[in-house]
Amino acid sequence: MSSKFVIQGKKPLTGSIKVSGSKNAALPCIAATVLGNSPSTLHNVPRIEDVYKMVEILEYLGVIADWKGNTLTIDPRKIKSKTLPHNLVKSLRASILLLGPMLSRFGEVKMAFPGGCVIGKRSVRAHLNSLRDLGAEIINTKDVLHLKLKKPNSTKIIMWEISVTATENIMMACSSQNTTNTISLTAAEPHVQNLCQMLKKMGSKIKGTGTSEIHITGTRKLKGVTHTIVGDYLEMGLFAIAAATVPKSKILIKGVSTAHLDSFWNKFKEAGINFTLFANEAEVSYTKKIKSFSKLDTRLYPGFPTDLQAPFSMILTQSKGISKIFETLFESRLNYLYELEKMGAKVEIYNPHQALIVGPTPLTGTNVESCDLRAGATLVLAGLIAKGETHVFNIDYIDRGHEKLDEKLQSLGAQIERRAI
Ligand code: EPU
């Protein structure tokens, strides 16, 4: 049964909140468990739809998964080499994260092109090219992705572009072969670093974690480990935006290093928002007069994250003057602006990558639809600052990546209700 969120706006947010484990760290770490010769236990795993789908794919392949709260144990010892289940792969873009591990473990992998993506084209070229450099034979890329790996190379692999999941795939493949490889143009996000830490514990020798060049000496004998999923810096950003824009709010956000969001805090400073940072906590309070921005442009880490571009537009609708948005990574990540327009935001979309927001504008509650995960979370934020009642539809998108977002906001004083439709 599908549901919607019904939000009564303008209720102050107060108190403290702990963010969940990061979706984008949990997914590759779950994929990495198939490389171990014994079970792995992951702590702080968010219980969200994308994670459940990833686990379901692994169960289809024969792993035994067991949940206790937010701890997930995966026993990969009975895993079999099979074509990955078409429907699940199609419904989860992150299923691409099984390409490297399954190829490396079995010497062959067959899966459909992953789906689940409405935010842009997202080619799989960076994944295929790097695996080919490692020695994979690309048998088919027409109907399915079919790769074989007989003789892996010790070599330098230059990534086709700086890609988060492609970096994770090649790291997992290299870590589980008896090879030594240098991988350059690697992504450096905290979730990529979290996977590096797990692979090291499993037995891979990795240097260069968090940089654009990683050296890996792998082994066929990776073992199962206990590992903690890093907190979600994107969720910290989301709550920080809520506190800054909902009148009379003041909250303490915990559970992840604030250093993961340096470029985000820079923007907060530029806007004159009231906030204080501690190592793993941020205190943010409502700021009446927010300054506009010459430009908000999304960049690769440690630049401003594309995943916070949409939520940040809440700051832009409440800041005085004209702010420009330049979404440099994805070509379908501005569509949420049409929904904000329905609530009273003044926006102008120039092309798939660029838009203007003129503020400040009061927002008024109405019916709006999520068009992707981050857009959906943005509409929830908009509901929190709007006058009256906002109904956010298509909340399946939000549930894919946020664990109990409604309950977390309720605990801070928000009036948000999940209602069946
Ligand atoms: N791109 C550029 N220039 C570059 C590098 C990349 O334009 O120099 C483009 C790519 O062409 C692609 C896009 O940027 O269209 C994203 O690239 P990437 O391959 O890094 O994305 P991904 O690995 O498929 C992960 C996250 C996404 C997140 C992106 C960017 C996971 C499971 N997914 O995707 O998360 O937006 O990195 O940080 O880690 C989300 O959580 O909502 C989400 C979509």
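Residues numbered from 1 in each chain as written. Predicted model: local features only at pLDDT ≥ 70, side-chain atom pairs only at ≥ 80, totals over all residues. Heavy atoms only, no water.

Some thoughts on the sheet that holds strand S22 (residues 367-369)
Ordered in space as S22-S23-S1-S24, the four strands form an open sheet in which the pairing is mixed. Where the open sheet ends on each side, the last strands, each with one partner, are S22 and strand S24 (415-420). The mean inter-strand angle of the sheet, taken between neighbouring strand axes irrespective of direction, is 25 degrees. Both strand S1 (residues 3-8) and S24 contribute to a ladder of six bridges, which runs antiparallel. By the bridge assignment, Phe5 is partnered in S24 with Arg418. Lying on the sheet, helix H12 (residues 373-385) is in contact with S1, S22, strand S23 (389-393) and S24; it crosses S1 at an angle near 30 degrees. (Pairing = 2+ DSSP bridges. Helix = DSSP H or I, 4+ residues; strand = E, 2+ residues; numbered from the N terminus. Axes fitted to C-alpha atoms, helices over the stretch in contact; angles between N-to-C directions. Contact = heavy atoms within 4.5 Å.)

Some remarks on the packing of helix H8 (residues 233-245) against H12
How two helices pack is summed up by the angle between their axes together with the distance between the axes. Orientation of H8 relative to H12, taken along the N-to-C sense of each, is 20 degrees, at an axis distance of 9 Å. The angle between H8 and H12 places the two elements in the roughly parallel class. The handedness of the crossing between H8 and H12 is right-handed. Judged by residue contacts, Leu234, Leu238, Ile241, Ala242 and Thr245 of H8 engage Arg374, Ala377, Leu381, Leu384 and Ile385 from H12. Among the residues forming the contact of H8 with H12, the class breakdown is eight nonpolar, one polar and one charged. (Parallel < 35°, antiparallel > 145°, perpendicular 65-115°, else oblique. Left-handed = near helix turned anticlockwise from the far one by under 90°. Nonpolar A, V, L, I, M, F, W, Y, C, P; charged D, E, K, R; others polar.)

Quick look at helix H1 (residues 23-32)
By the criterion of burial, H1 is predominantly enclosed, with 10 of the 10 residues buried. For H1, the full list of buried residues reads Lys23, Asn24, Ala25, Ala26, Leu27, Pro28, Cys29, Ile30, Ala31 and Ala32. The N-cap residue of H1 is Ser22: its side-chain oxygen and the backbone nitrogen of Asn24 are 3.2 Å apart. (Buried < 20%, exposed > 50% of the residue type's maximum accessible area, 1.4 Å probe, protein only. Polar contact = N/O pair within 3.5 Å; in protein donor to acceptor, adjacent residues only side chain to side chain.)

What to know about the site of the ligand
In the region of the ligand, 19 residues are neighbours, and Ser163, Val164, Thr165, Asp307 and Arg374 sit closest. Between the ligand and Lys23, the relevant distance is 2.9 Å, taken from an oxygen atom to a side-chain nitrogen or oxygen of the residue. Thr165 places a side-chain nitrogen or oxygen 2.6 Å from an oxygen atom of the ligand. Protein chains shield 83% of the accessible area of the ligand, which is 840 Å² for the free molecule. Looking at the shell around the ligand, the elements that each hand over two or more residues are H1, helix H6 (164-175) and H12. (Near = heavy atom within 4 Å. Areas by Shrake-Rupley, 256 points an atom, 1.4 Å probe, with all protein chains shown as cover.)

Quick word on the side chain of Arg333
With respect to the secondary-structure elements, Arg333 resides in the loop between strand S19 (319-326) and helix H11 (336-342). One polar contact links Arg333 to Thr306, side chain to side chain, over a distance of 2.8 Å.

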